[in-house]
Amino acid sequence: MKSIISIKSALIGIGLLTVSLLVLTGCPGQSNLMDTRDAAQKTYVAPGDYDEFYAFLSGGYSGQLSVWGLPSARLFKVIPVFSQDPESGYGYYEESKSMLQTSYGFIPWDDSHHPHLSQTGGIADGRWIFINANNTPRIARIDLETFETVEIIEIPNTGGNHGSSFVTENTEYVVGATRFSIPFDPELDVPIDSYKENFRGALSLIKVDQDTGQMELDFQIVVPPYNYDLARSGKGISSDWYFFTTYNTEEAHTLLEINASRNDKDFVAALNWRKAAEYVREGRAELMSTEYYHNYYDKSQSMAISTVKDEVLVLDPKDAPGILYYLPTPKSPHGVDIDPTGEYIVAGGKLATVIPVHSFSRMLEAIENERFIDEIDGIPVIDYDATIIGEVENPGLGPLHTEFDGKGYAYTSVYISSEIVKWSLETFEVVDRIDAYYSIGHLMIPGGDTVDPYGKYMIGLTKTAKDRYLPVGPKQNHPAQLYDISGDRMQLLLDFPTIGEPHYAQAISAEKVKPNAARIYQLEDNNHPHATKSVSDARVVREGDVVRVYMTNIRSNFRPDNIEGIHVGDTVYFHLTNLEQEWDVVHGFAIKGAQNAEVLLAPGQTKTIKWEPNRPGIYPFYCTAFCSALHQEMQGYVRVSPAGANTPITYRTGTR
Amino acid sequence: MNIRQKLLLVVAALMLLPLYYIPFWSISMTAPQYPEGIGMYIHINDVRGHNQHDIQSINTLNHYIGMKEIHVDEIPELKIMPYIFAFMIGSLILIALIGNQKLLLGWLILFVILSIAGIVDYYLWGYDYGHNLDPDAPIKVPGMSYQPPLIGTKQLLNIRASSYPTWGSALMVGSFMLSALIYYNNKKKS
Ligand SMILES: [Cu+2]
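A quick note: this is a predicted structure, and the numbers were derived from the prediction, not measured.

The rules behind each value
- Residues numbered from 1 in each chain as written.
- Chains lettered and ligands numbered in written order.
- Predicted model: local features only at pLDDT ≥ 70, side-chain atom pairs only at ≥ 80, totals over all residues.
- Heavy atoms only, no water.
- Helix = DSSP H or I, 4+ residues; strand = E, 2+ residues; numbered from the N terminus.
- Rg over C-alpha atoms; globule rule 2.2 N^0.38 Å.
- Buried < 20%, exposed > 50% of the residue type's maximum accessible area, 1.4 Å probe, protein only.
- Contact = heavy atoms within 4.5 Å.
- Donors = N, O, S within 2.8 Å, 3.2 Å for Na, K, Ca; no water.
- Tetrahedral: all angles 85-135°; square planar, octahedral: opposite > 155°, others 65-115°.
- Buried area = accessible area lost by both parts, 1.4 Å probe.
- Salt bridge = Lys/Arg side-chain N within 4 Å of Asp/Glu carboxyl O.
- Polar contact = N/O pair within 3.5 Å; in protein donor to acceptor, adjacent residues only side chain to side chain.
- Core = buried A, V, L, I, M, F, W, Y, C linked by side-chain atoms within 4.5 Å.
- Pairing = 2+ DSSP bridges.
- Axes fitted to C-alpha atoms, helices over the stretch in contact; angles between N-to-C directions.
- Patch = residues over 30% accessible without salt bridge, like charges linked within 9 Å, V, L, I, M, F, W, Y side chains within 5 Å.
- Areas by Shrake-Rupley, 256 points an atom, 1.4 Å probe, with all protein chains shown as cover.
- Lys, Arg positive; Asp, Glu negative; His and termini not counted.
- Charge placed at Lys NZ, Arg CZ, Asp CG, Glu CD.

**Points about the overall build of chain A**
For step 1, the next point in the chain: The helix and strand tally for chain A stands at eight helices and 45 strands.
For step 2, the next point in the chain: Taking 2.2 N^0.38 as the reference for a compact globule, 656 residues should give roughly 26 Å; the C-alpha atoms of chain A span a radius of gyration of 27 Å, in line with that estimate.
For step 3, the next point in the chain: Taking the principal axes of the C-alpha coordinates as reference, chain A spans close to 85 × 70 × 40 Å.
For step 4, the next point in the chain: Here chain A holds 656 residues, and the buried ones make up 59% of them.
For step 5, the next point in the chain: Long-range pairs, those at least 24 residues apart, make up 63% of the contacts in chain A between residues at least 6 apart in sequence.

**Here's the deal with the coordination of the copper ion**
Residue and element names in this part refer to chain A.
For step 1, the next point in the chain: Bound to the copper ion are the protein donor atoms His-587 (ND1), Cys-623 (SG), Cys-627 (SG) and Met-634 (SD), situated 2.2 to 2.5 Å from the metal.
For step 2, the next point in the chain: What the four donor atoms of the copper ion show is an angle range of 97 to 125° at the metal, which sorts the shape as tetrahedral.
For step 3, the next point in the chain: In terms of primary sequence, the donors binding the copper ion are separated according to H-x35-C-x3-C-x6-M. Pair noted here: His-587 is in strand β40 (residues 587–591) and Met-634 is in the loop between β43 (617–622) and β44 (635–641), with a separation of 47 residues, a long-range link. Like His-587, the residue Met-634 is buried in the burial classification.

**Quick notes on the interface of chain A and chain B**
For step 1, the next point in the chain: Listed as interface residues are 15 residues of chain A and, on the opposing side, 13 residues of chain B.
For step 2, the next point in the chain: Together chain A and chain B conceal approximately 1100 Å² of surface at their shared face, both sides included; 43% is due to carbon and sulfur atoms.
For step 3, the next point in the chain: Area buried by chain A at its contact with chain B is led by Arg-555, Gln-581 and Glu-582 of chain A, which between them contribute 42% of it.
For step 4, the next point in the chain: On the surface where chain A and chain B come into contact, there are zero salt bridges.
For step 5, the next point in the chain: Inspection of the region where chain A meets chain B yields ten residue pairs in polar contact (both at pLDDT 80 or more).

**Comments concerning the nonpolar core**
Generally speaking, a soluble globular protein has its nonpolar side chains buried in company with each other.
For step 1, the next point in the chain: One finds Ile-221, Phe-244, Leu-271, Leu-315, Ile-323 and Tyr-326 of chain A to be the most contacted residues of the largest nonpolar core, which totals 50 residues.
For step 2, the next point in the chain: Examining the composition of this core, we find that five residues originate from one element, helix α6 (residues 273–281) of chain A, more than from any other.
For step 3, the next point in the chain: Apart from residues no more than four positions distant in its own chain, Leu-315 of chain A is found in contact with Gln-220, Ile-221, Val-222, Ala-276, Tyr-279, Val-280, Arg-284, Ala-285, Ala-320 and Ile-323 of chain A.
For step 4, the next point in the chain: Met-29, Ile-38, Met-88 and Trp-125 of chain B belong to the second largest nonpolar core, which has 44 residues in total.

**Thoughts on the sheet that holds strand β21 (residues 344–349) of chain A**
All names here are of chain A.
For step 1, the next point in the chain: In space, the four strands of this open sheet follow the order β20-β21-β22-β25, with antiparallel pairing throughout. Only two strands of the sheet have a single neighbouring strand rather than two, namely β20 (333–338) and β25 (388–392). Strand after strand, the sheet turns through a mean of 20° between neighbouring axes, direction not considered.
For step 2, the next point in the chain: Looking at chain direction, β20 and β21 are connected through four bridges and run antiparallel. The partner of Ile-338 across the bridge, within β21, is Ile-345.
For step 3, the next point in the chain: On top of the sheet, helix α7 (residues 360–368) reaches β21, β22 (355–359) and β25; it is set at about 60° to β22, its chief contact.

**Focus: the pairing of strand β15 (residues 241–247) of chain A**
Residues and elements named next belong to chain A.
For step 1, the next point in the chain: Across the seven residues of β15, seven count as buried, placing the element largely inside the fold.
For step 2, the next point in the chain: Going residue by residue along β15, you find Trp-241, Phe-243, Thr-245 and Tyr-247 tucked away on one face and Tyr-242, Phe-244 and Thr-246 tucked away on the opposite face as well.
For step 3, the next point in the chain: Relative to β15, strand β14 (residues 227–233) runs antiparallel, the two sharing five bridges. The residue bridging Asn-227 from the neighbouring strand is Tyr-247, located in β15.
For step 4, the next point in the chain: Pairing of β15 with strand β16 (residues 265–272), which is carried by five bridges, proceeds in the antiparallel orientation. Paired with Tyr-242 across the strands is Leu-271, a residue of β16.

**Some remarks on a negative patch on the surface**
For step 1, the next point in the chain: Residues Asp-185, Glu-187, Glu-291, Asp-310 and Glu-311 of chain A make up a contiguous surface patch of negative charge.
For step 2, the next point in the chain: Residue position: Asp-310 of chain A is located in strand β18 (residues 303–315).

**So, a nonpolar patch on the surface**
Residue and element names in this part refer to chain B.
For step 1, the next point in the chain: There is a patch of nonpolar side chains on the surface, built from Val-112, Ile-116, Ile-119, Val-120, Tyr-123, Leu-124, Tyr-127, Leu-150, Ile-151 and Tyr-164 and spanning about 910 Å² of accessible area.
For step 2, the next point in the chain: With seven residues, the top contributor of residues to the nonpolar patch is helix α4 (residues 101–131).
For step 3, the next point in the chain: Looking at the secondary structure, you find Tyr-164 in strand β5 (residues 159–165).

Okay, structure coming up:
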């Protein structure tokens, strides 16, 4: 045993030495032989006890958002957002279909990257969480009372909404930014190599209603055709500004791996959104025709409703002096993160050898003194030396994202050398580093992107698991690591697999969310046009070729549960209402031959599943949720007669 | 009866007023599946859930053993009791104004009779619910009845039912004791 340990530590030692040599770091690697008992104690949440934080991990290509507890790393829920979910029926049942409508039609999936909690005064407030869709550009809002997706807005003129969905200090705006610049008019049929003339970038400012949370695309800013990668709102002194990273300032449209990596510096774009909004109110923006969807969940009717918008206000920086500046930044920067004071703008130059830190106040000074080295399409480029305040040396290879602990330190994820470096915001020197398993993308400190970080835990979201867990084949789930950052040295506490591919994550004190979590949907507030609020109203109605079944669910029966008179060729809508008003008593509905999904109904909810039987027969249906002791008895039959038969509609429950 | 005693009698009468708003009895149930608890408060004019929808949940659970559903509008006592209380409050105030010992004794006796009748009625109500079960009930346990205890705690299958008086009952007892004390003091003097 002892010899195994020493061989292992020797191997780790060699590994670390190699990394150290590679990056010529002066800082020693930390041994990962941690005190396991100490780590177990720190993450142990006794059965029945609650976690200190809710954590929200994006699902990446799963299109969803998962909810976890910290420090236990227990999974609570996977919230369907951009992707259909046969488990809950989301995206399959009629009321949810509109949520996934776009100007490209019904899009049943997406790639969700960056969740961001709504904020008040620069602190996460637990009202809503936003998340972006990277593929077919959208932003979703999830309500943190019901933990359900309640709104999705499409973003026009955008190709890959990656630099999103970050909110301003008081959630005035949530932002979108195009990763792939494209021609603005969606119909514009142009050669790809006319990129420089015809392609444009768009930064989108989406206004958030403070009472309802409802989003509205206020305006877009047209920018040169770079790749706009990530974004952050400023805070405190810089709270009127948004910052974006750019890469491909080379404006390449093919083999970007080489062609977009030529310039030594790309830009951080600094946008004064407040001033931009004022210009828009003054009428300086141009109304452009376009098409995009806005899908909103009407709580009262418990259904998503789509509205198609056909124009957008576009502001050109040429007509709006003083709103947008470029800060040269090495090299193909990925993340841009603002420290809790709002003064430091930290960029993660993924091909850079240092972590550049810009100063917000120096930026204002440079603007004041017009220390510009160039101007691109009306956007002044500020002298690098005028804004830079520090360059963190030896950050490892491929620094990406930075969060803060509120105690004067920053933590940067470093992809290629697969580690996290901790550095001082005073000296800009690395003070600690720890391995990530393996190849880390984002990292997240609860509140670490706000004005008031908790500075206790940190999560690293890594890209490959390799040998970390029992192997599950060539494609494995993505891991996450939990670290204790309360002391001088970072300490690894947990290493756990996740759902989908979490890119970014958010966390919030449980106390800000838990008291508001809903237990039921109030039946008395259910104004769904096809709700059945009492078992005596259960019925079947034929309207031509459409048959509507108004069905109630309550432990342990469906009403009606015997239905006859359906014919092949009919379209049947099962309008299901869960009459329960008790927390977590969920019923489900599934019918043989359903080509969509089952559907789950929370207490008090009404949902509709469409069914088009294609051959005669007797079709059993049943409750898919183990709702009660007599759950197995919660079933029924539908008789389907051949097309043209004259079986009349009849229905019943029980014989008495 | 002096002014002070008369005033105290009025106080005793007014002590019954809150009964229109607060419950006098509570039945609480716990089961492994109900960590949040479930139960009902009995008022002179209402039966309410401990939580907003508890009555519905209790009815849903009870249908498995064939127990009748609790529907507030179908319980005649809840319609009668408010009048009885109005009478008791009004008559005591009147007795205080007149200052008549005999009438006060009569009021006290009536109070005792009504209390006994109430307890008997409540017991019979519970007996009916607990024993008069639908023969078609899905869950039938031979020899099992489901009458909640009049007072105390009883295990009914997976549910532990506790039945206890609440502040409303304390007010009733207080009102009676105060009136009785005044009667007793006066009697001693004469
Ligand atoms: Cu069920």
